[in-house]
Amino acid sequence: MLTFLIASLIFLLTMTSDNAFAADGLRFDVAVIGAGTGGSAAAIQAARMGMDVALIEESDWIGGQMTGAAVSTMDDVRRTRTGIYNEFITRVRDYYAMRNTPVNVCYWGSDTIAFEPWVGRKILTDMIKESGKVTLFLEARVLKVKTEKNRVVSAVIESGGEKTTVTAKVFIDATETGDFIPLTGARYRVGNSIAPKIDKESVIQDITYVAVVKKYPDGLPPELKLTKRPPGYEDYLPHFRKVITKDGDWWPGEYPFNVPVHNAYRAMPDTTNPDREKIDGGVSSTWPLITRTGVNWANDYPGRKYGEAGMSVKYLEDKKFRREAERRAMAETLAFIFYMQTELGLEDWSVDDRQGYGKYFSNNWQEWKEMPDEFSSVLIHFPPFPYVRESRRIVGVTTMTVKDVERDRVLRRMLKTNPDSIALGEYPTDIHGLREPQYLDRDLGERADEIPADSEWKGGLFQIPLGVLVPEKVDGLLAAEKNISVSRIVNGSTRLQPVTMLTGQAAGALAAESVRQNTAPRKVRPLDVQWRLLGAKDKLSLFNFDDVPVESLWWRGVELSVIYDYMDPASETIYGVDQEMHWLEVRDAFRRAFGRLEFPAREYEATVTLDEFSGWLRELFGADAERYKSVLERFSGGEVMKKGQLAAAVAEIKLLKD
């Protein structure tokens, strides 16, 4: 019933609207390649801005790393719960709250978020459907791309043996591995080299074939019991024993850790667990009650188990190598499940058979001669593709390096604000090892000693600028997901689900604004995109002011005032939104926002009323006042102007200026 429900929902989404058809194929405003976290967010945002959107996904799952790859324990450091990501996790909480099931069961913390992959998929499906203007193509892959005058104009996609040309004004690569980028001719980074001069000795981060496993309280179904050692088990066993053992340590402690610690790491809600309401990820005494988790710890592949530094860049560049690597990663996870059922004593645990997996697999493991048929009944419940941490990355207008994610450990944020901010991140620079100089980007001047150890980070916000979404030269193309223009080090901070959803939302807003203005994305002002994102309650500044909630009339203006540094907050946590304004503060705000302006002689220490402010604006604008009519009408009256109103007024004037 569950699988049928999801299939029915997806079928409704794939019904293509009549106006999308054209004699030479399908026409859209925006085409998003890849329906993962970033792609889904991009499609939703662009559709909400009135665009006709094609969302093209090679697998049969939407949600990417957090659903199709089963990493549904959110790598969430709590201060990036904003925008579409916040909408998504709010729906997750609501779904489980209706079933008296906590979501704070993972990562050994009490303020964490986890869900079952199928639930995440359903919620994203609902959000896409509600946007009203997204046509979803599942099991559809891009074969080739057409460019004209250095601009991407169309792509040929294949689905079910049929080929179709999709034309769009803007294409977004939101695939898990950046597979669309090479077809466009845009330059991209792979490992520590730039294509086409690829260093085949270079490496990327490990992949992990995550499996969702659960406890079967009424006894393990016979077909889910592994009675024989999977291929390669003896090779993996020493590493498994170094990480998790039956009598291992409790967290925080030292390796190896015990079974409850393992299960609490990637724990997922289980609505059928009679003890579910007692579970709290931050209370270790409740960890033995967990009945569903993800296998994503001791099974990174290749994981330096074979003397290799990491996964070869051939994983991204060579489809045959990729398929073989994914199969071997899958085999390692299968071996860990056998390890769970035997040495770890979890005889009633196995792969979860209710997530809806089994139709599509990226590696076609069913044709793998090295995998005996007797393991098929377990493997069929594995996710459709693995967790990929590192993708191809476009060479963009802007490239973020480690200095762009340095954060003050006391203030827990960057010290210098970025006026081009279109998303926030908060994760440490987690690149799974590979910190040695020979693995870093050769042209970016980063040094290994600049990378803070993971243990040093206690969270901290950084801003992501618009230029990382835009290729250096190719038009009609944007990046989202893990494909944005960052160094390998920064990829460790921007590859996680909250950030990829937020950068995806930004890419969708930029694409839609580009179409609306009938101009190339690179020519769109960051402010135009920021205005749209802030209107969607997507936080972009490094501050969180207690006196300016997102529901405030002045929230958008306050955010822009600190992003563009034309007004100062009263403190780190108080903006002072209700402070009365004087002419001196009006003059300083305008000069900081627009450069030196000539002010007529005034008593600058005097407070300014809204009527006086709008009257002065008419003098300032002169014959151009009609352009700012909305501001003049909004800020009127005899009361003294407040700081929040001034911030909002300057923001709106900035928006309306050429």
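Residues numbered from 1 in each chain as written. Predicted model: local features only at pLDDT ≥ 70, side-chain atom pairs only at ≥ 80, totals over all residues. Heavy atoms only, no water.

An unreviewed UniProt entry annotates the chain as FAD-dependent oxidoreductase of Cloacibacillus evryensis.

### Looking at the overall build of the chain
Across its full length, the chain holds 18 helices and 22 strands. For the chain, whose C-alpha radius of gyration is 26 Å, the value lies close to the compact-globule estimate of 26 Å for 658 residues. Projected onto its principal axes, the C-alpha positions of the chain cover 90 × 60 × 50 Å. Burial analysis of the chain (658 residues in total) assigns 61% to the buried set. (Helix = DSSP H or I, 4+ residues; strand = E, 2+ residues; numbered from the N terminus. Rg over C-alpha atoms; globule rule 2.2 N^0.38 Å. Buried < 20%, exposed > 50% of the residue type's maximum accessible area, 1.4 Å probe, protein only.)

### Quick look at the side chain of Gln 205
Along the chain, Gln 205 falls in the loop between β10 (203–204) and β11 (207–208). For Gln 205, a relative accessible area of 1% puts it in the buried group. Within polar-contact distance, the side chain of Gln 205 engages the side chain of Arg 495 at 3.4 Å. The contacts of Gln 205, once residues within four sequence positions are left out, are Met 311, Arg 389, Glu 390, Asp 430, Ile 431, His 432, Leu 434, Arg 488, Asn 491 and Arg 495. (Polar contact = N/O pair within 3.5 Å; in protein donor to acceptor, adjacent residues only side chain to side chain. Contact = heavy atoms within 4.5 Å.)

### Notes on helix α15 (residues 583–594)
For α15, which comprises twelve residues, the first-to-last C-alpha distance of 16 Å matches the rise-based estimate of 16 Å (1.5 Å per residue) to within 8%. Taken together, the buried positions of α15 are occupied by Trp 583, Val 586, Arg 587, Ala 589, Phe 590 and Ala 593. Taken around the axis of α15, the buried residues stretch over an arc of 165 degrees, which confines them to a single face. Considering only its buried residues, α15 is in contact with α16 (610–621) and α18 (643–656). Gly 595 occupies a position one or two residues after α15 and carries a positive phi of about 90 degrees. (Expected span 1.5 Å × (residues − 1). Arc of directions from axis to C-beta.)

### Considering helix α13 (residues 526–535)
When you tally the buried positions in α13, you get seven out of ten residues, the bulk of the element. The elements touched by buried residues of α13 are β20 (421–425), α12 (497–517), α14 (555–563) and α18. Just beyond α13, the residue with positive phi is Lys 537, at close to 60 degrees.

### Re the sheet that holds strand β9 (residues 193–194)
Paired through their backbone hydrogen bonds, the strands of a sheet run either parallel or antiparallel. The three strands lie next to each other as β9-β8-β19, forming an open sheet whose pairing is antiparallel. Whereas interior strands pair on both sides, the edge strands pair on one side only; in this sheet they are β9 and β19 (393–394). Here two bridges tie strand β8 (residues 188–190) to β19, and the two strands are oriented antiparallel to one another. Residue pairing for β19: Tyr 188 is matched across the bridge by Ile 394. (Pairing = 2+ DSSP bridges.)

### Some details on the nonpolar core
The tendency in soluble globular proteins is for nonpolar side chains to be buried side by side. With 218 residues, the main nonpolar core has Phe 88, Phe 382, Phe 590, Phe 613 and Leu 646 as its most contacted residues. In terms of residues, this core owes the most to one element, helix α9 (residues 319–341), which gives eleven residues. (Core = buried A, V, L, I, M, F, W, Y, C linked by side-chain atoms within 4.5 Å.)

### Things to note about the packing of α15 against α18
Packing of α15 against α18 leaves a shortest axis separation of 11 Å and a crossing angle of 30 degrees. Relative to α18, the element α15 lies roughly parallel. The way α15 lies across α18 gives a crossing that is right-handed. Residue-level inspection shows Glu 585, Val 586, Ala 589, Phe 590, Ala 593 and Phe 594 of α15 in contact with α18, the latter providing Leu 646, Val 650, Ile 653 and Lys 654. Along the lines of polarity and charge, the residues of the contact of α15 with α18 split into eight nonpolar, no polar and two charged. (Axes fitted to C-alpha atoms, helices over the stretch in contact; angles between N-to-C directions. Parallel < 35°, antiparallel > 145°, perpendicular 65-115°, else oblique. Left-handed = near helix turned anticlockwise from the far one by under 90°. Nonpolar A, V, L, I, M, F, W, Y, C, P; charged D, E, K, R; others polar.)

### Remarks on empty space enclosed by the protein
The final tally for this structure, using the stated rule, is one cavity of 30 Å³ or more. What the largest cavity holds in volume is close to 60 Å³. In terms of lining residues, the largest cavity is bounded by 13 residues, among which Val 105, Met 268, Pro 269, Asp 270 and Ile 279 are the most central. Residues belonging to the lining of the largest cavity are distributed by class as follows: seven nonpolar, three polar and three charged. (1 Å grid on protein atoms, 1.4 Å probe; cavity = no way out; pocket = protein on both sides within 12 Å on 5 of 7 lines; lining within 4 Å. Points joined across faces, edges and corners; volume = space filled by probe spheres on them.)

### A look at the packing of α13 against α18
Contact geometry of α13 with α18 gives a least axis separation of 9 Å together with a crossing angle of 130 degrees. As the angle between them shows, α13 and α18 are arranged oblique. In this structure, α13 meets α18 at a crossing whose hand is left-handed. Contacts between α13 and α18 involve Leu 527, Asp 528 and Trp 531 from the first element and Ala 651, Glu 652, Lys 654 and Leu 655 from the second. Residue composition of the contact of α13 with α18, grouped by class: four nonpolar, no polar and three charged.

### Here's the deal with the layout of surface pockets
In this model, the largest pocket occupies a volume close to 1,400 Å³. Grouping the constituent residues of the lining of the largest pocket by class yields 20 nonpolar, ten polar and 14 charged. By volume, the second largest pocket amounts to about 970 Å³. Lining of the second largest pocket is provided by 41 residues; of these, Glu 58, Asp 179, Lys 319, Arg 322 and Tyr 360 occupy positions nearest its centre. Mapped by element, the contributors of at least two residues to the lining of the second largest pocket are β5 (141–148), β6 (151–159), α5 (181–184), α8 (314–317) and α9. Classifying every residue of the lining of the second largest pocket by side-chain character gives 16 nonpolar, twelve polar and 13 charged.

### Details of a nonpolar patch on the surface
Among the surface-exposed residues, Val 410, Leu 411 and Leu 415 lie close enough to one another that they form a single nonpolar patch of about 310 Å² accessible area. If you trace the backbone, Leu 411 turns up in the loop between β19 and β20. (Patch = residues over 30% accessible without salt bridge, like charges linked within 9 Å, V, L, I, M, F, W, Y side chains within 5 Å. Areas by Shrake-Rupley, 256 points an atom, 1.4 Å probe, with all protein chains shown as cover. Salt bridge = Lys/Arg side-chain N within 4 Å of Asp/Glu carboxyl O.)

### Remarks on the packing of aromatic side chains
Applying the stated rule across the entire model yields 32 aromatic pairs. For the pair Trp 251 and Phe 257, a centre-to-centre distance of 5.2 Å together with 45 degrees between the ring planes defines the contact as tilted. A residue is classified by how much of its surface remains accessible, and Phe 257, at 2% relative accessible area, is buried. Among the aromatic residues, those joined into a cluster by ring pairs are Tyr 107, Trp 108, Trp 251, Tyr 255, Phe 257, Tyr 265 and Trp 297. Over the face of the ring belonging to Trp 531 we find Arg 556, whose NZ or CZ atom lies 3.8 Å from the ring centre. It is Lys 654 that lies over the ring of Tyr 564; its NZ or CZ is 4.6 Å from the centre. (Phe/Tyr/Trp six-rings, centres within 6.5 Å; stacked < 30°, edge-to-face > 60°. Lys NZ or Arg CZ within 6 Å of the ring centre and 35° of its normal.)

### Here we look at the pattern of salt bridges
Pairing between side chains of opposite charge can happen when their charged atoms approach one another. Tallying each qualifying case throughout the model produces 51 salt bridges. In this structure, a network of salt bridges that share partners links the residues Glu 116, Lys 214, Asp 270, Arg 292, Asp 352 and Asp 353.

### Points about the side chain of His 381
In this structure, His 381 sits in the loop between α10 (376–379) and β18 (387–388). A relative accessible area of 18% means that His 381 is categorised as buried. In this structure, His 381 is in contact with Leu 224, Val 351, Asp 352, Asp 353 and Tyr 357, ignoring residues within four places of it in sequence.

### A look at unusual backbone geometry
Note the cis peptide between Trp 251 and Pro 252, where omega equals -5 degrees. When you line up the elements, Pro 252 lands in the loop between β13 (244–249) and α7 (259–265). Each neighbour pair has its own omega, and for Tyr 255 with Pro 256 the value is -5 degrees, a cis peptide bond. Take Pro 256: it is sitting in the loop between β13 and α7. Within the chain, Asn 150 stands out as a residue other than glycine whose phi angle is a positive 65 degrees.

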